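Given next are the chains, with one letter for each unit.
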Amino acid sequence: MLGVHFVPAEQECSGYGGGGENETAVTPARVESSFHDHVLDQLGMLELDDRNHRIAEQIIGSLDEDGYLRREITAIVDDLAFGQNIDTNADEIAGLVQQIQQFDPPGICAVTLQECLILQLKRLPDAKPVRNAIEILDKYFNEFIKKHYDKIQRHLSLNDEDFKKVINIIIK
């Protein structure tokens, strides 16, 4: 993720019309900010003690460039035990994963595409089409990815118009 930050450059601004002597110009400079940095910045919003903060940093460090948690929770428990001498368990890691999943972008820290899509939909305002979309992804994900829409539509008893709305919510 690239951001533009303004860095003052100590330069005289003569010849620009207006402006007095010895004005300081502000020159834009590109500063790269990685995906992981963006997520770590959000970690500060959680009120965590030092131990849980270090565990959360380990989880964030385990995210791939697409924001998926590809490392098994048990492996993260082992990483923390051997690498940082932090004794934890899968339940504690799972609890912190759920907190990180509230960060931006929606869907972060998901393990699968299915979970990622459901996390994104849960951020939308509650409405029947959104609930139907979540149900499709939760109960009929395999049928959805194989585009067996008729079967899904029958199971949910949706008319064509309502089903189209639901599918459009998912694919947006």
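Up top is the structure.
## Here's the deal with the packing of aromatic side chains
The full count for this structure, using the stated rule, is two aromatic pairs. Measuring from ring centre to ring centre gives 6.1 Å for Phe144 and Tyr149, while their planes differ by 50 degrees; the resulting arrangement is tilted. Residue classification places Tyr149 among the partly exposed positions, given a relative accessible area of 25%. An aromatic cluster is defined as three or more aromatic residues linked by ring pairs; in this entry it consists of Phe144, Tyr149 and Phe163. Here the guanidinium or amino end of Arg70 rests over the ring plane of Tyr68, the centre of that ring lying 4.4 Å away.

## A few points about the side chain of Ser62
With respect to the helices, strands and loops of the structure, Ser62 is situated in the loop between helix H2 (50-61) and helix H3 (73-83). Within the local environment of Ser62, its side chain forms a polar contact with the backbone oxygen of Gln58, the two atoms lying 2.9 Å apart. With near-sequence residues (within four places) excluded, Ser62 lies in contact with Tyr68, Leu69, Arg70, Arg71 and Ile76.

## Regarding helix H9 (residues 160-171)
Relative to the 16 Å expected for twelve residues at 1.5 Å per residue, H9 spans 16 Å between its end C-alpha atoms, a close match to the ideal helical length. Taken as a whole, H9 has its buried residues at Phe163, Val166, Ile167 and Ile170. Viewed end-on, H9 has its buried residues packed into an arc of 95 degrees, placing them on one side of the element. Turned more than 90 degrees away from the buried face of H9 sit Glu161 and Lys164, all of them exposed. Between a side-chain oxygen at the N-terminus of H9 and the backbone nitrogen of Glu161 the separation is 3.1 Å; the capping residue is Asn159.

## Considering the packing of H3 against helix H4 (residues 90-100)
In the contact formed by H3 and H4, the axes pass within 9 Å of each other and the chain directions differ by 105 degrees. Taken as axis vectors, H3 and H4 run roughly perpendicular relative to one another. For the pair H3 and H4, contact is made by Ile73, Ile76, Val77 and Leu80 and by Ala90, Ile93 and Ala94, respectively.

## Some words on the packing of H2 against H4
Taken N-terminus to C-terminus, the directions of H2 and H4 make an angle of 70 degrees; their axes are 10 Å apart at the nearest point. On the basis of their axis angle, the class for H2 and H4 is roughly perpendicular. For the pair H2 and H4, contact is made by Arg51, Asn52, Ile55, Ala56, Ile59 and Ile60 and by Glu92, Ile93, Leu96, Val97 and Ile100, respectively.

## Some thoughts on the nonpolar core
One finds Ile59, Leu63, Ile93 and Cys109 to be the most contacted residues of the largest nonpolar core, which totals 21 residues. Residue assignment for this core shows that the elements contributing at least two residues are helix H1 (35-43), H2, H3 and H4. In this view, Ile59 contacts Leu69, Ile76, Ile93, Leu96, Val97, Ile100 and Cys109; residues no more than four positions away in its chain are not counted. Leu117, Ala133, Phe144 and Ile170 belong to the second largest nonpolar core, which has 18 residues in total.

## Quick notes on the side chain of Glu143
Looking at the element boundaries, Glu143 is found in helix H7 (residues 141-145). For Glu143, a relative accessible area of 18% translates into the label buried.

Rules used in this analysis
Residues numbered from 1 in each chain as written. Predicted model: local features only at pLDDT ≥ 70, side-chain atom pairs only at ≥ 80, totals over all residues. Heavy atoms only, no water. Phe/Tyr/Trp six-rings, centres within 6.5 Å; stacked < 30°, edge-to-face > 60°. Buried < 20%, exposed > 50% of the residue type's maximum accessible area, 1.4 Å probe, protein only. Lys NZ or Arg CZ within 6 Å of the ring centre and 35° of its normal. Helix = DSSP H or I, 4+ residues; strand = E, 2+ residues; numbered from the N terminus. Polar contact = N/O pair within 3.5 Å; in protein donor to acceptor, adjacent residues only side chain to side chain. Contact = heavy atoms within 4.5 Å. Expected span 1.5 Å × (residues − 1). Arc of directions from axis to C-beta. Axes fitted to C-alpha atoms, helices over the stretch in contact; angles between N-to-C directions. Parallel < 35°, antiparallel > 145°, perpendicular 65-115°, else oblique. Core = buried A, V, L, I, M, F, W, Y, C linked by side-chain atoms within 4.5 Å.

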